[in-house]
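Below are the chains, spelled out letter by letter.
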Amino acid sequence: AQTVTQSQPEMSVQEAETVTLSCTYDTSESDYYLFWYKQPPSRQMILVIRQEAYKQQNATENRFSVNFQKAAKSFSLKISDSQLGDAAMYFCASQPGGGADGLTFGKGTHLIIQP
Amino acid sequence: EPEVTQTPSHQVTQMGQEVILRCVPISNHLYFYWYRQILGQKVEFLVSFYNNEISEKSEIFDDQFSVERPDGSNFTLKIRSTKLEDSAMYFCASSVPRGDEQYFGPGTRLTVT
């Protein structure tokens, strides 16, 4: 079984600043994937970034990057140059590499962008 | 850009009634999923479907739930006898291989009264 923990229920950042959202996970799998999904008020789930656990290099997508610490089972999301449109719930998720298990989500972090 | 669609967007039903939630996954995807999100809570996995059969299911997915892919495009979730606690947003998702991005539909908000 996998568990995902997001310890920050809410974070606030000034527009154009950088913010880091924390996530830790636990898994007995050797092969797994990690994700960050964004859920704006519309409640649509949108993939922000994806990391394959066997890759040491941290994933990057434009202003979004992760700090993947495999030994510590930590997977934080850094958002640079925060924009008003980044305001949303952010969910960290994991998925085992084998089979077709679904995603295991954390409880989410509500990100507020201060203009 | 291809997208996952879900109907209806909002369904209101009375306790004890059967509901069917419908999803059309992206056409070349092979893995299909249902999730639910009770208001204010995290998204929870219900079931995955591959090669015309259930691949994995969670503890939530009990005998009240069933899934079906009745034709080449639709993927349905049936709740046989709804309970108040089934009120939630239900998301369908699909992916090409496992581990790849799961594309989520916009969700169906189910309200059980």
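Calculation rules
- Residues numbered from 1 in each chain as written.
- Chains lettered and ligands numbered in written order.
- Predicted model: local features only at pLDDT ≥ 70, side-chain atom pairs only at ≥ 80, totals over all residues.
- Heavy atoms only, no water.
- Helix = DSSP H or I, 4+ residues; strand = E, 2+ residues; numbered from the N terminus.
- Rg over C-alpha atoms; globule rule 2.2 N^0.38 Å.
- Buried < 20%, exposed > 50% of the residue type's maximum accessible area, 1.4 Å probe, protein only.
- Contact = heavy atoms within 4.5 Å.
- Areas by Shrake-Rupley, 256 points an atom, 1.4 Å probe, with all protein chains shown as cover.
- Buried area = accessible area lost by both parts, 1.4 Å probe.
- Salt bridge = Lys/Arg side-chain N within 4 Å of Asp/Glu carboxyl O.
- Polar contact = N/O pair within 3.5 Å; in protein donor to acceptor, adjacent residues only side chain to side chain.
- Nonpolar A, V, L, I, M, F, W, Y, C, P; charged D, E, K, R; others polar.
- Pairing = 2+ DSSP bridges.
- Axes fitted to C-alpha atoms, helices over the stretch in contact; angles between N-to-C directions.
- Core = buried A, V, L, I, M, F, W, Y, C linked by side-chain atoms within 4.5 Å.

Some words on the overall build of chain A
Then step 1. When helices and strands are counted, chain A shows 0 helices and 12 strands.
Then step 2. Ordered by position from the N terminus, the helices and strands of chain A form the series β-β-β-β-β-β-β-β-β-β-β-β.
Then step 3. For 115 residues, the compact-globule estimate of 2.2 N^0.38 gives 13 Å, and chain A sits close to it at 14 Å.
Then step 4. In terms of its C-alpha atoms, chain A occupies a principal-axis envelope of roughly 45 × 30 × 20 Å.
Then step 5. Considering chain A as a whole, with its 115 residues, one finds that 50% of them fall into the buried category.
Then step 6. Nonlocal contacts in chain A, meaning residues at least 24 apart in sequence, comprise 54% of its contacts between residues at least 6 apart.
Then step 7. Per element, the accessible surface of chain A, about 5,400 Å² overall, is 46% carbon and sulfur.

Quick word on the interface of chain A and chain B
Then step 1. On the side of chain B, 22 residues touch chain A, which itself brings 21 residues to the contact.
Then step 2. Summed over both sides, the interface between chain A and chain B buries roughly 1,900 Å², with carbon and sulfur atoms accounting for 53% of that surface.
Then step 3. Broken down residue by residue, the surface that chain A buries against chain B is led by Arg43(A), Ala100(A) and Phe105(A), which jointly contribute 33%.
Then step 4. Seen at the junction of chain A and chain B, the total is 0 salt bridges.
Then step 5. Run the count over chain A and chain B and you get 6 residue pairs in polar contact (both at pLDDT 80 or more).
Then step 6. Looking at the side of chain A that touches chain B, the elements that each hand over two or more residues are β5 (32-39), β6 (46-52) and β10 (88-96) of chain A.
Then step 7. With 4 residues, β5(A) is the largest single contributor of residues to the side of chain A that touches chain B.
Then step 8. Broken down by class, the residue content of the side of chain A that touches chain B amounts to 9 nonpolar, 8 polar and 4 charged.

Quick notes on the sheet that holds strand β3 (residues 19-24) of chain B
Residue and element names in this part refer to chain B.
Then step 1. Spatially, β1-β3-β8-β7 is the arrangement adopted by the 4 strands of the open sheet, whose pairing is antiparallel. Every interior strand has two partners, whereas the edge strands, β1 (5-7) and β7 (65-68), have only one. Within the sheet, the average angular offset between the axes of one strand and its neighbour, ignoring direction, is 20°.
Then step 2. Alignment of β7 against strand β8 (residues 75-79), held across 4 bridges, turns out to be antiparallel. Pairing of valine 67 across the sheet is with leucine 77, part of β8.

So, the nonpolar core
Then step 1. Formed by 24 residues in total, the largest nonpolar core has its most connected members in Trp36(A), Phe75(A), Leu77(A), Tyr90(A) and Leu111(A).
Then step 2. Elements with a minimum of two residues in this core: β3 (19-21), β5, β6, β8 (64-69), β9 (74-79), β10 and β12 (109-114) of chain A.
Then step 3. If we ignore the near neighbours within four places in the chain, the residues touching Leu77(A) are Val19(A), Thr20(A), Leu21(A), Trp36(A), Val48(A), Ile49(A), Phe64(A), Ser65(A), Val66(A) and Tyr90(A).
Then step 4. Ranked by size, the runner-up nonpolar core spans 21 residues in total, among them Ile26(B), Phe32(B), Val47(B) and Cys92(B).

Everything listed is a geometric property; what it means functionally is a separate question.
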